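Examining the three-dimensional arrangement
Single-letter residue listing:
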Amino acid sequence: MRGKLFVISAPSGTGKTTILKKVMAENRGLAFSVSHTTRSPRAGEINGLDYYFVTNDDFREMITQDAFLEWAQVHDNFYGTSRGEVEKELEKGRDVVLDIDIQGARLIREKTGGDCCSVFIAPPSSEELRERLGGRGSESEKSLKIRLENSLEEMKDADRYDYLIVNDRLEEAVRVMTAIILAERSRQRRDPDGTPVQFNL
Ligand code: 5GP
């Protein structure tokens, strides 16, 4: 049985990366799709683990070769999901988590005819978002302003998603995300660890 696509979007500064890392660690049978990006690595980010950090030329070449399932310009950088990697995992029956922006999510919904599970993670309030974005310390004033404006704009897409999680408390958000994954797997008659359920009538 093919795996399922989980599309997760959240405005910057929502705590999505932390939630996803915990969810990935606590649930078996999930593969994280490592995107390609033209942005520079932040402190602590590892090439091949957080992203594949590539040049603009490399990225353009991949577009030409139709290597992306979807790609988008977010803020002032390019980001793309590798078609080959995702396909390989789905074929193996593993569920794949895509951490992508609202443009990418729209494209994936279109391409799969809605055969994916989409989750939007929202901050508890715009004040909290501003604080979290400011606290990251890696952004210039200009890029902070762009991110905040984009984040507020992205919130408008929240109701297009199958599920909404408000990240008020980290542990609770992780619990809800895990519940969503388990519920979606049961919908497809899968065990909680992702393997298809065997049953005899
Ligand atoms: P960041 O630079 O903070 O890591 O990511 C910025 C935004 O780009 C986030 O909303 C993230 O979900 C999105 N993003 C990361 N990878 C991809 C991708 O492959 N495709 C799309 N469309 N968005 C992505």
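Residues numbered from 1 in each chain as written. Predicted model: local features only at pLDDT ≥ 70, side-chain atom pairs only at ≥ 80, totals over all residues. Heavy atoms only, no water.

Topic: the environment of Ser82
Along the polypeptide, Ser82 turns up in strand β6 (residues 77–82). For Ser82, a relative accessible area of 11% corresponds to the buried category. Not counting the four nearest positions on each side in its chain, Ser82 is found in contact with His36, Ala67, Phe68 and Leu69. (Helix = DSSP H or I, 4+ residues; strand = E, 2+ residues; numbered from the N terminus. Buried < 20%, exposed > 50% of the residue type's maximum accessible area, 1.4 Å probe, protein only. Contact = heavy atoms within 4.5 Å.)

Things to note about the packing of aromatic side chains
Under the defined criterion, the tally for this structure stands at seven aromatic pairs. For the ring pair Phe59 and Phe78, a centre distance of 5.7 Å and an interplane angle of 35 degrees mean the geometry is tilted. On the criterion of sequence distance, the pair formed by Phe59 in helix α2 (residues 56–64) and Phe78 in strand β6 is long-range, its members being 19 residues apart. Of the aromatic side chains, those joined through ring pairs into one cluster are Phe59, Phe68, Trp71 and Phe78. (Phe/Tyr/Trp six-rings, centres within 6.5 Å; stacked < 30°, edge-to-face > 60°.)

Thoughts on the sheet that holds β6
Read across the open sheet, the four strands follow the order β4-β3-β6-β5; overall the sheet is mixed. Strand pairing shows two members of the sheet lacking a second neighbour, β4 (52–53) and β5 (68–74), which therefore form its edges. Taken together, the two bridges between strand β3 (residues 36–37) and β6 define a ladder with antiparallel strand orientation. Residue pairing in the sheet places Thr37 in a bridge with Tyr79 of β6. Sitting on the sheet, helix α3 (residues 83–91) touches β4, β5 and β6, and the angle it makes with β6 is about 30 degrees. (Pairing = 2+ DSSP bridges. Axes fitted to C-alpha atoms, helices over the stretch in contact; angles between N-to-C directions.)

A few points about α3
For α3, every residue scored as buried is listed here: Val86, Glu89 and Leu90. The buried residues of α3 all sit within an arc of 100 degrees when viewed along its axis, so they share a single face. Residues of α3 that are buried in the fold lie against β1 (5–9), β2 (30–32), β5, β6 and β7 (95–99). In the segment just after α3, Gly93 is the residue with positive phi, at about 90 degrees. (Arc of directions from axis to C-beta.)

Digging into the pattern of salt bridges
Where charged atoms from two side chains of opposite charge approach closely, those side chains can pair. Taken as a whole and assessed by the stated rule, the structure comprises 20 salt bridges. Between Asp66 and Arg83 there is a salt bridge whose closest N-O contact spans 3.2 Å. On the criterion of sequence distance, the pair formed by Asp66 in the loop between α2 and β5 and Arg83 in helix α3 is long-range, its members being 17 residues apart. What makes Arg83 partly exposed here is its relative accessible area of 30%. (Salt bridge = Lys/Arg side-chain N within 4 Å of Asp/Glu carboxyl O.)

Remarks on the sheet that holds β2
Across the sheet, which stays open at both edges, the five strands sit in the order β2-β7-β1-β8-β9 with parallel pairing between neighbours. Two strands bound the open sheet, and with one partner strand each, they are β2 and β9 (163–166). Along the sheet, successive strands turn relative to each other by an average axial angle of 25 degrees, direction set aside. Sheet topology note: the β1/strand β8 (residues 117–122) ladder contains four bridges and is parallel. Of the residues in β8, the one forming a bridge with Val7 is Ser118. Lying on the sheet, helix α7 (residues 170–187) is in contact with β1, β2, β7, β8 and β9; it crosses β9 at an angle near 165 degrees.

Structural notes on the site of the ligand
Around the ligand there are 17 residues in total, and Ser35, Arg39, Tyr51, Tyr79 and Asp99 lie nearest to it. Separating an oxygen atom of the ligand from a side-chain N or O atom of Ser35 is a distance of 2.6 Å. Between the ligand and Gly80, the relevant distance is 3.2 Å, taken from an oxygen atom to a main-chain nitrogen or oxygen of the residue. Of all the secondary structure elements, the ones that give two or more residues to the shell around the ligand are β5 and β6. The class makeup of the residues in the shell around the ligand is six nonpolar, four polar and seven charged. (Near = heavy atom within 4 Å. Polar contact = N/O pair within 3.5 Å; in protein donor to acceptor, adjacent residues only side chain to side chain. Nonpolar A, V, L, I, M, F, W, Y, C, P; charged D, E, K, R; others polar.)

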